[in-house]
Amino acid sequence: MALGKDYLGQDCSLSRGLELLGERWTLLVVQNALYGVRRFSDFQVRLDIPKAVLSDRLTRLTEGGVLRKRQYQPSPPRYEYLLTDAGVELWPVIYSLSVWSHRNIGGEPPRLFRHAECGSGLLPSSDCPQCGQVAPGEVEMYPGPGPKRTDPVSRAMNRPRRLLEPVVPE
């Protein structure tokens with residue numbers, strides 16, 4: 001029996017959030033947008049996701065107010081996807097889930113995070129232990145001990161850089 005794609009009968013904040021964010025690939029798209037990936041082709045290369053699935057996820061996230069679409073080339077028309085304020089608010093969720101996964105499922109993280117201003121590693125809540133709450137743009141990611149992908153987008157992400165800073169593949 002196939003599972004439905006919605007949470008009929010479940011009227012709570014979590015079920016409404018899962019309606020938008022709960023499908024396979026969706027949180028990975030948001031994670032990569034936080035890491036600075038903006039263009040369809042870069043998401044596709046980075047995630048190795050089928051184009052039709054990526055198109056669907058980007059459309060749903062745009063319609064849901066997590067991303068906004070901006071044209072960067074008029075002919076042929078090309079667009080990039082930028083996080084809205086609502087999308088940026090997902091940083092603590094993405095980070096906490098990654099920390100939880102590392103602790104409870106295993107594997108080494110391919111990148112680590114620190115507060116760019118003081119250099120302290122982040123708490124599982126995504127806060128700085130020295131300075132308190134930090135905005136995502138104040139977080140620097142840098143290579144961790146885990147595996148690294150070798151595609152051009154991933155190589156650009158493997159250099160120390162701040163969250164939300166656009167990725168420019170080589």
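Residues numbered from 1 in each chain as written. Predicted model: local features only at pLDDT ≥ 70, side-chain atom pairs only at ≥ 80, totals over all residues. Heavy atoms only, no water.

- If you check an unreviewed UniProt entry, the protein chain appears there as Helix-turn-helix domain-containing protein from Glycomyces endophyticus.

## Looking at a nonpolar patch on the surface
- A cluster of nonpolar side chains, contributed by L97, W100 and I105, occupies part of the molecular surface with about 330 Å² of accessible area.
- Note on placement: I105 falls in the loop between α6 (91-104) and β3 (111-115). (Patch = residues over 30% accessible without salt bridge, like charges linked within 9 Å, V, L, I, M, F, W, Y side chains within 5 Å. Areas by Shrake-Rupley, 256 points an atom, 1.4 Å probe, with all protein chains shown as cover. Salt bridge = Lys/Arg side-chain N within 4 Å of Asp/Glu carboxyl O. Helix = DSSP H or I, 4+ residues; strand = E, 2+ residues; numbered from the N terminus.)

## Details of the UniProt feature "domain: HTH hxlR-type" (unreviewed entry) in the protein chain
- UniProt records the feature "domain: HTH hxlR-type" (unreviewed entry) for residues 12-109 in the present numbering.
- Within residues 12-109, the helical portion is 58% and the strand portion 13%, while the C-alpha atoms at the span's ends are 32 Å from each other. (UniProt positions renumbered as here; feature names shortened; annotations may be inferred.)

## Considering the side chain of S126
- Tracing the chain through its elements places S126 in the loop between β3 and β4 (139-143).
- S126 has contacts with W91, P92, Y95 and V134, leaving out every residue within four places of it along the chain. (Contact = heavy atoms within 4.5 Å.)

## Examining the environment of T150
- In this structure, T150 sits in the loop between β4 and α7 (152-157).
- Between the C-alpha atom of T150 and that of R46, which follows or precedes it by 104 residues, the distance is 9.4 Å.

## Looking at the packing of aromatic side chains
- Taken as a whole and assessed by the stated rule, the structure comprises 4 aromatic pairs.
- These aromatic residues form a ring-pair network of at least three members: Y35, W91, Y95 and F113.
- The aromatic ring of Y142 is capped on one face by R114, whose charged end is 3.8 Å from the ring centroid. (Phe/Tyr/Trp six-rings, centres within 6.5 Å; stacked < 30°, edge-to-face > 60°. Lys NZ or Arg CZ within 6 Å of the ring centre and 35° of its normal.)

## Side note on the packing of helix α2 (residues 26-34) against helix α4 (residues 51-63)
- For the pair α2 and α4, interaxial distance at closest approach is 10 Å and the crossing angle is 70°. By the angle between their directions, the pair α2 and α4 is classed as roughly perpendicular. Across from T26, V29 and V30 in α2, the residues of α4 making contact are L54, R57, L58 and L61.
- Considered class by class, the residues forming the contact of α2 with α4 number 5 nonpolar, 1 polar and 1 charged. (Axes fitted to C-alpha atoms, helices over the stretch in contact; angles between N-to-C directions. Parallel < 35°, antiparallel > 145°, perpendicular 65-115°, else oblique. Nonpolar A, V, L, I, M, F, W, Y, C, P; charged D, E, K, R; others polar.)

## Describing the side chain of D42
- Assignment of secondary structure puts D42 in helix α3 (residues 40-47).
- With no salt bridge to any partner, buried D42 finds its closest opposite charge in R39, at an N-O distance of 5.4 Å.
- Sequence-distant contacts of D42, defined by excluding residues within four places in its chain, comprise V37, V153, V167 and P169. (Buried < 20%, exposed > 50% of the residue type's maximum accessible area, 1.4 Å probe, protein only. Lys, Arg positive; Asp, Glu negative; His and termini not counted.)

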